[in-house]
Amino acid sequence: MMFFLRLLKKWAGKGIRLLYKLLYRFVSIDDKLVIFISFHGRGYSDNPRAIYEAMIQDPRWQGYRFIWFIKHHKKKAISIPDAQIKEYFSFSYFYHLSKAKFWVVNCKLPLYICKKPEQVYLQTWHGTPLKRLAHDIDVAEDTTFYRSAVSYEQMCHSYDVDVARYNYMISPNAFCTEVFPHAFGIDPQKLVETGYPRNDFIVNATKEQVLSIKKQLQLPLDKKIILYAPTWRDNSYISAGYTFELKADFHLWKKILGEDFIVLFKPHYLIINKYQNDPSLKGFLYSIPATAEINELYVISDVLITDYSSVFFDYAILKRPMYFYMYDLENYASDLRGFYLDITKDLPGAIYRREEPLCQDIKAGVYDRTRLDAFSKRFNNLDDGQASKRVLDLLAGEQ
């Protein structure tokens, strides 16, 4: 029965896409409609959220309608002030994609999406890359990508099609302005170096906001907070999505770190695993949903532990200690994507292969701040709390 339901859903999706391609050009454009998509409809987050929240405060956008496309939004009970929420990949989704003058998106749109010349597609992307992207990935000829197992050529083609639709792509720093043209094959004239709007919150967060977030998450107020935010692995997945094999012995972490610390474990947004806290770790380990807004976790934490995730580029704004737990370094660097940076020299923190020395150094406060200062000058020079305004100034030129 489940097989036939999946088959029916597959063919229904194909039918909707075909109908969309036949009819989209006949839908008139609404010059005062803006749509937002974050991480393929996973939620209300990231650069699109920051741009939206700045937009509704900007007099230049009064009288506009705003629509967010979010998967299972009714089940998630998401509410967005002053915006409509429509189901991702619904008839409404295709209709309003055809109708909206402005698209604000932080991820690669599917090949089947059609854009009219009069529409304005702003691609914000979602991070400064440590891992090589798209055309820059150097792999064997028979390498496949994603759960769909597409070839290297097909993977690059999917980027090429989307990039051809961009009117603008924002860049968070000079490094990305240099990397994105050869990674994505984008015309440098379409790149605008604005900084990342999502980082405005990190820069501008008040003590009152930090306290409010801690209370909302029911965290103790008298302990140091460690944020553990690892990334996904390209080669770890099942049919339903990407998985992450947790290589952290939180019992060991608790034993070494003692009563002065708590840990927030936040998986990457692509990860579908559900993690249940061990009752014996209650009060020490807090599992945060993969879809949670990570900016709020940055500002309340005292320390970051990550691996190959781009989160450390944003976290560096706070000038707080960062540690890199890379237990699978050789495999990741050689068999997966490779890096843009020399991780032995350029990272704003030390690399650890084992948990014990990692936790011992955190407890003892061992951290070389000179590496962080140099890193911030290179990657965070535009993080002044005004990136959203610069992006809105750009879009206002298309009104």
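What you see is a predicted model; the values in this text were computed from it and never measured.

### Considerations on a nonpolar patch on the surface
On the surface, a cluster of nonpolar side chains totalling about 680 Å² of accessible area is made up of Leu18, Leu19, Leu22, Leu23, Phe26 and Phe91. You can see Leu18 is positioned in helix 1 (residues 2–23).

### Considering helix 14 (residues 369–379)
Three or more residues of helix 14 are buried, namely Leu372, Phe375, Ser376 and Phe379. End-on, the buried residues of helix 14 take up no more than an arc of 100°, which puts them together on one face. Opposite the packed face of helix 14, turned more than 90 degrees from it, sit the exposed residues Thr370 and Lys377. Of the surrounding secondary structure, the elements contacted by the buried residues of helix 14 are helix 6 (174–184), helix 11 (311–315) and strand 16 (322–325).

### Considering unusual backbone geometry
Backbone geometry places His72, a non-glycine residue, at a positive phi of 50°. With respect to the element layout, His72 can be found in the loop between strand 2 (65–70) and helix 3 (73–76). Among the residues examined, His72 registers a relative accessible area of 52% and is labelled exposed. Phi at Gln218 takes a positive value of approximately 55°, unusual for a residue other than glycine. Relative to the elements of secondary structure, Gln218 occurs in the loop between helix 8 (207–216) and strand 10 (224–228).

### Considerations on the sheet that holds strand 16
The sheet built from six strands is open, its strands ordered 14-13-10-15-16-17 with parallel pairing. The two strands at the open ends of the sheet, each matched to only one other strand, are strand 14 (285–287) and strand 17 (351–352). Contacts from helix 9 (residues 250–257) reach strand 10, strand 13 (261–265), strand 14 and strand 15 (303–306) within the one sheet, and its direction differs from that of strand 13 by about 155°.

### Quick word on the environment of Gln84
Along the polypeptide, Gln84 turns up in strand 3 (residues 84–87). In this view, Gln84 contacts Arg65, Phe66, Ile67 and Trp68; residues no more than four positions away in its chain are not counted.

### Description of the nonpolar core
If you look at the biggest cluster of nonpolar residues, it comprises 127 residues, and the most contacted ones within it are Phe180, Phe184 and Trp253. Among the elements that line this core, the one with the most residues is helix 6, at six residues. Not counting residues within four places of it along the chain, the set of residues in contact with Phe180 comprises Trp125, Gly127, Pro129, Leu133, Met169, Ile170, Pro172, Gly185, Ile186 and Leu191.

### Observations regarding the confidence of the model for the protein chain
When pLDDT is averaged across the protein chain, the result is 90; 89% of the residues are at 70 or more. A low-confidence stretch, residues 234–244 stays under pLDDT 50, and its non-local contacts, those more than four residues away or across chains, total 41 contacts.

### Things to note about the pattern of salt bridges
Tallied over the full model, the rule gives 13 salt bridges. Note that Arg49 is salt-bridged to Glu293, the shortest N-O span being 3.8 Å. Taken as a pair, Arg49 in helix 2 (residues 46–55) and Glu293 in the loop between strand 14 and helix 10 (294–300) lie far apart in primary sequence, 244 residues in all. In this structure, the salt-bridge partner of Glu356 is Arg354, at a minimum N-O distance of 3.7 Å. Judged by its relative accessible area of 35%, Glu356 falls in the partly exposed class. In this structure Arg354 comes out as exposed when scored by relative accessible area, which is 52%. Through salt bridges with shared partners, a single ionic network connects Asp58, Arg60, Lys389 and Asp393.

### Let's talk about the packing of aromatic side chains
Geometrically, a pair of aromatic rings is defined through the distance of the ring centres and the angle of the planes. For the coordinates displayed, the defined rule picks out 43 aromatic pairs. When the centroid spacing of 5.2 Å and the interplanar angle of 75° are considered together, the rings of Phe89 and Phe94 count as edge-to-face. Aromatic pair Phe312 and Phe324: ring centres 5.1 Å apart, planes at 80°, arrangement edge-to-face. One end of the pair, Phe312, is in helix 11; the other, Phe324, is in strand 16, with twelve residues separating them in the sequence. Phe324 sits in the buried class, given a relative accessible area of 0%. One aromatic cluster in this structure is built from Tyr20, Tyr24, Phe69, Tyr88, Phe89, Tyr93, Phe94 and Tyr112. Here the guanidinium or amino end of Lys108 rests over the ring plane of Tyr159, the centre of that ring lying 4.0 Å away.

Rules of the game
- Residues numbered from 1 in each chain as written.
- Predicted model: local features only at pLDDT ≥ 70, side-chain atom pairs only at ≥ 80, totals over all residues.
- Heavy atoms only, no water.
- Patch = residues over 30% accessible without salt bridge, like charges linked within 9 Å, V, L, I, M, F, W, Y side chains within 5 Å.
- Areas by Shrake-Rupley, 256 points an atom, 1.4 Å probe, with all protein chains shown as cover.
- Salt bridge = Lys/Arg side-chain N within 4 Å of Asp/Glu carboxyl O.
- Helix = DSSP H or I, 4+ residues; strand = E, 2+ residues; numbered from the N terminus.
- Buried < 20%, exposed > 50% of the residue type's maximum accessible area, 1.4 Å probe, protein only.
- Arc of directions from axis to C-beta.
- Contact = heavy atoms within 4.5 Å.
- Pairing = 2+ DSSP bridges.
- Axes fitted to C-alpha atoms, helices over the stretch in contact; angles between N-to-C directions.
- Core = buried A, V, L, I, M, F, W, Y, C linked by side-chain atoms within 4.5 Å.
- pLDDT = per-residue confidence, 0-100.
- Phe/Tyr/Trp six-rings, centres within 6.5 Å; stacked < 30°, edge-to-face > 60°.
- Lys NZ or Arg CZ within 6 Å of the ring centre and 35° of its normal.

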